[in-house]
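# What the coordinates show
If you want the building blocks of each chain, they are given just below.
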Amino acid sequence: MAKLTVYGTPISTYVRTTRLLLEGIGADYDLKSVDIFNGESQSAEYLAKNPFGKVPTLEVDGTLLYETNAIVEYLDATLADRKFSPSEPLAQARMRQIISIIDSYLYANAISTIVIQRLIVPNQGGKPDEALIANAVAPAKTALEAIESLTVGSPYLLGSDVGIADFYLIPIFIYLSKTPEFEAVTAQTPKLRTWWDGVSQRPDVKKVCG
Ligand SMILES: N[C@@H](CCC(=O)N[C@@H](CS)C(=O)NCC(=O)O)C(=O)O
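Everything numeric in this text was worked out from a predicted model, so none of it was measured. (Residues numbered from 1 in each chain as written. Predicted model: local features only at pLDDT ≥ 70, side-chain atom pairs only at ≥ 80, totals over all residues. Heavy atoms only, no water.)

## Looking at the environment of Leu79
For clarity, the cut-off: Secondary structure elements are defined from DSSP: runs of H or I of at least 4 residues count as helices, runs of E of at least 2 residues count as strands, and each element is numbered from the N terminus. Exposure categories follow from relative accessible area, calculated using a 1.4 Å probe and restricted to protein chains: below 20% of the type maximum is buried, above 50% is exposed, and the middle band is partly exposed. The contact rule is simple, with two residues in contact once any of their heavy atoms fall within 4.5 Å.
Tracing the sequence through the fold places Leu79 in helix α3 (residues 68-79). Exposure remark for Leu79: the relative accessible area of 27% places this residue in the partly exposed category. Once the C-alpha coordinates of Leu79 and Ile102 are considered, the two residues, 23 residues apart in sequence, prove to be 24 Å apart. The residues touching Leu79, leaving out its near neighbours within four places in the chain, are Met1, Leu4, Ile25 and Ala27.

Next up, the structure:
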C-alpha cells in the first residue's frame, strides 16, 4: 500500500475531513503536525509543500496533493473504489454542491468567524467581536439551509451510506454546536439536527474529533 502522510493541525476541520475518510477506508497513515497558529504553516518548508500555507497537505509516496476536495476524491478513488462518493450522477452532484457550499459560504462564517470568535479568542484571553459574529449568523444560516434542502439527512447526508459530504460537515458541526449561535443557524434545519444527533455518536468521529 502507498505511504500516506497527512500534514496539518489535528484540530483543523479540513484535516479532520481527510482523517475521517482515511479512518473509513481503514488506511494506515502518518499525521505530521503543522501548526496553523504559530506560523509553522507559513514557513518556507511548509510553503514548498502547499503554496497557500493551508492544511491539510497529503503526501502519497513522495507526491504532494493539496486542497481537501482533491485529496478526498483521490483517496476515495484509489483506496476505496469510490465507496464514499455516490455513484448516481445527481447524488454525486449533490455531494460536490455541499462541498462547494461549505468551502465558499459556510466555512468563513461558521468557523473563521463564529467559532474563532466564540471559542478561540476567549481562550486566548480576548473578547469576542459581537459585530463580526452578528454579521456571520445570517450567511451561515443560509448555507446550512441550502445544505438542508439538498440532503436526505437520514441517516447520512446523501442517504444510507456515510460519505465525503458527511466528513466535510461533521467537523464543522463539532465546533459550531459548542457556540450559542448553533440554535439560530440550525433553527430551520431539522434534517441536519437529526443527522447531527446520529453522526456525533460515531466511533470514527469520537476518535478523530474527540
Ligand atoms: N481550500 C483549502 C482550505 C483549507 C483551510 O482553510 N484550512 C485551514 C484550517 S481548517 C487553514 O489552513 N488555516 C490556516 C490559515 O488560513 O492560515 C482546502 O480545501 O484544503
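Next comes the rest of the write-up.
## Overview of the UniProt feature "domain: GST C-terminal" (unreviewed entry) in the protein chain
This is how the line gets drawn: UniProt positions are given in the numbering used here, feature names are shortened, and annotations may be inferred rather than shown by experiment.
The residues that UniProt annotates with the feature "domain: GST C-terminal" (unreviewed entry) are residues 88-210. Helix makes up 73% of residues 88-210 and strand 0%. Its end C-alpha atoms lie 33 Å apart.

## Here's the deal with the sheet that holds strand β4 (residues 63-66)
Inclusion rule: In this scheme, strands are said to pair when DSSP sees at least two bridges between them. Axis lines are fitted through C-alpha atoms, for helices just across the contact stretch, and the angle between N-to-C directions can take any value from 0 to 180 degrees.
Taking strand neighbours across the sheet as the criterion, the 4 strands line up as β2-β1-β3-β4 in an open arrangement whose pairing is mixed. Only two strands of the sheet have a single partner each, and these edge strands are β2 (30-32) and β4. When the angles between neighbouring strand axes are averaged without regard to direction, this sheet yields 25°. Its contacts with the sheet put α3 on β1 (4-7), β3 (57-60) and β4, and the angle it makes with β4 is roughly 125°.

## A word on the nonpolar core
Condition: Take the buried residues of types Ala, Val, Leu, Ile, Met, Phe, Trp, Tyr and Cys, join any two whose side-chain atoms come within 4.5 Å, and each joined set is a nonpolar core. Where each domain begins and ends is defined by an automated method or by a domain database.
Counting 61 residues, the largest nonpolar core has Ile102, Leu106, Leu169 and Trp195 as the members making the most contacts within it. It is helix α6 (residues 164-176) that provides the largest number of residues to this core, a total of 11 residues. Split by domain, this core shows at least three residues from each of two domains, domain 1 (4-79) and domain 2 (89-209). Leaving out residues up to four positions away in the same chain, Trp195 has contacts with Gly153, Pro155, Tyr156, Leu157, Asp166, Leu169, Ile170 and Phe173.

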